[in-house]
Amino acid sequence: MNEFIPVNTPLFTGNEKKYLNECIDTGWVSSEGAFIKKFEHEFSRYCNRKHGIAVSNGSAALDIAVKAIGIKKGDEVILPTFTIISPALSIIKAGGIPVYVDSEADTWNMDVDKIEACITDKTKAIVVVHIYGLPVEMDKILNLASKYNLRIIEDAAEMHGQTFDNKICGSFGDISIFSFYANKTITTGEGGMIVCDDDKLAEKCKKYRNLSFEPDQPRFMHFETGWNYRMTNMQAALGLAQLEQIDNLIIKKRAMGAFYQNELKFLKNYGFDLPLPSTPFAQNIYWVFGLVAPTESEKIKVLDHLKKELIGTRPFFWCMHEQPLFISNNTEKMPSFPIAEKLARCGFYIPSGLGLTEFDMKRTVNSIKKLYA
Ligand SMILES: *Cc1c(COP(=O)(O)O)cnc(C)c1O
């Protein structure tokens, strides 16, 4: 009898246990422990950034980044409609207005050529979200930012170690964020990090993560809102051990992607889109291995089949402009975003976690082949 193959399985093969035990043996389990500073230092250095601010998760990192960059009531912020909800929520909670952009059919990222038409005199920032494995065309984004004086928030939650034109993701724009959720390329279970170069911005982020305690004011006297979004020493211990192995983790991700590409390329004959292996600026890092079926019913057919075969899958993100949460708040008719809508309806991903065995990858592709035999 086959066992269920989860869509994600993390991999802990380095110093994870040793460092976690150190937290317990020394009693340093809160956000005050030494692993926090070490993880922040090593991770920000890895991203070529001056500052790292570890937080409780990637969505918290976005809340802080949006506030620190100064998004206020009425500010328009441009972002892809095809993304996780976290960036849109952070903008809305700050009083900002999300302005959505359609996707590219091949990279699944925001169509950068459609951004300029969305810029108004209320536009304050662009949230760049790198989706699933390929980076957004950063050179064009940075040109727009300087032309229109816009702030850039880079959501690199899925892009640990990816590069654009040989520059590391997380190093672009004013401020960048990462997630270390259990399905991310390096994980702390739950966790996140903000990275930036500007000293004042970093100070703000540290303050907002810690209930806006003021470093130069009497303790327990507050002047701004903030959150408790602190990371624990145990999370940082796990993160540091994971970061030590990142080169190998990325090699493994890319090898898994290459295996799936090769074994599943026959699906193109059935009208499926596979991830683009590369662009002129990057090799796909295959955070997850996505497939886009030709129709929604074809997707449902594959997902039902894989479920019966005990193989885990996830649908792609659901577009922001079609979120019930936002539609009820907004009676205006939204424009349509045909490419993103197709991705949301027809896309899904197959088991892609670093802990996935070769045997289970083969079982997954054989199961898909069986459906089309
Ligand atoms: C995972 C993810 C997040 C949110 O991170 P959490 O740690 O789960 O809060 C934000 N943005 C993107 C693009 C993500 O993939």
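Structure shown above.
Here is a short report on the structure shown in this document. Model, not experiment: these values are computed from the prediction.

Some thoughts on helix H5 (residues 138–148)
So, point 1. Buried residues of H5: Met138, Ile141, Leu144 and Ala145, and no others. Along the axis of H5, the buried positions cluster into a sector of 125°, meaning they face one direction only. In this structure, H5 carries Asn143, Ser146 and Lys147 as exposed residues pointing more than 90 degrees from its buried face.
So, point 2. Residues of H5 that are buried in the fold lie against strand S4 (123–129), strand S5 (151–155) and strand S6 (163–164).

Focus on the environment of Thr225
So, point 1. Relative to the helices and strands, Thr225 is located in the loop between helix H6 (199–209) and helix H7 (233–243).
So, point 2. Residues Thr225 and Ile64, 161 residues apart in the sequence, show an inter-C-alpha distance of 11 Å.
So, point 3. Every residue in contact with Thr225, bar those within four places of it in the chain, is listed here: Lys67, Tyr208 and Ser212.
So, point 4. In terms of polar contacts, Thr225 uses its side chain to reach the side chain of Lys67, at 3.2 Å.

Examining the nonpolar core
So, point 1. Ranked by internal contacts, the top residues of the largest apolar core, which has 71 residues, are Tyr132, Ile175, Ile194, Leu264, Phe272, Leu291 and Ile350.
So, point 2. Per-element accounting of this core gives the leading share, 8 residues, to helix H3 (residues 58–69).
So, point 3. When residues of this core are assigned to domains, at least three map to each of domain 1 (16–243) and domain 2 (246–371).
So, point 4. Setting aside residues up to four positions removed in sequence, Leu264 forms contacts with Leu274, Phe289, Leu291, Ile350, Val365 and Ile368.

A short note on the sheet that holds strand S2 (residues 76–80)
So, point 1. With mixed pairing, 7 strands are arranged side by side in an open sheet as S1-S9-S8-S5-S4-S2-S3. Two strands bound the open sheet, and with one partner strand each, they are strand S1 (51–55) and strand S3 (97–101). Averaged over all adjacent pairs, the angle separating strand axes in this sheet is 20°, with direction ignored.
So, point 2. Judged from the 3 bridges that link them, S5 and strand S8 (residues 175–179) form a sheet pairing that is parallel.

Considering the side chain of Thr123
So, point 1. With respect to the helices and strands, the residue Thr123 is situated in strand S4.
So, point 2. A relative accessible area of 10% places Thr123 in the buried class.
So, point 3. A distance of 2.8 Å separates a polar atom in the side chain of Thr123 from the backbone nitrogen of Thr120.
So, point 4. The contacts of Thr123, once residues within four sequence positions are left out, are Glu76, Ile78, Cys118 and Leu150.

Remarks on the pattern of salt bridges
So, point 1. Considering all chains together, one arrives at 19 salt bridges under this definition.
So, point 2. A salt bridge links Glu309 to Lys370; the nearest nitrogen and oxygen atoms lie 2.8 Å apart. Remark: Lys370 occurs in helix H12 (residues 358–372) and Glu309 occurs in the loop between helix H9 (296–308) and strand S13 (314–315); sequence separation between them is 61 residues.
So, point 3. Accessibility expressed as a relative area gives 23% for Glu309, which makes it partly exposed.
So, point 4. On the accessibility criterion, Lys370 (52% relative accessible area) is exposed.
So, point 5. Put simply, Asp113, Glu137 and Lys140 are held in one network by salt bridges that share partners.

Conventions used here
Counting restarts for each chain, with residues numbered from 1 along the sequence as it is written. Where totals are concerned, whole chains, interfaces and linings use all residues; where local detail is concerned, this predicted model gives features only for residues with pLDDT of at least 70, and gives and counts side-chain atom pairs only at 80 or more. Side-chain measures here rest on the full set of heavy atoms in the structure, leaving out hydrogens and waters. Buried residues are those whose accessible area, probed at 1.4 Å on protein chains only, stays under 20% of the maximum for their type, while exposed residues exceed 50% and partly exposed ones sit between those limits. Here a helix means four or more residues in a row that DSSP labels H or I, a strand means two or more in a row labelled E, and each is numbered from the N terminus. The arc under discussion is defined with respect to the helix axis, by the directions toward the C-beta atoms. Two residues qualify as a contact provided that any one of their heavy atoms is within 4.5 Å of a heavy atom in the partner residue. Counted as a polar contact is a pair of N or O atoms within 3.5 Å, where, for protein atoms, one must be capable of donating a hydrogen and the other of accepting one, and residues adjacent in sequence contribute only when both atoms are in side chains. Throughout, nonpolar core names a set of buried Ala, Val, Leu, Ile, Met, Phe, Trp, Tyr and Cys residues whose side chains join them through atoms within 4.5 Å. Bear in mind that the domain bounds are from an automatic or database domain assignment. In this scheme, strands are said to pair when DSSP sees at least two bridges between them. Where helices are involved, their axes are fitted lines through C-alpha atoms of the stretch in contact, as for all axes, and angles between N-to-C directions lie from 0 to 180°. Salt bridge, as used here, is a side-chain nitrogen of Lys or Arg placed within 4 Å of a carboxyl oxygen of Asp or Glu.

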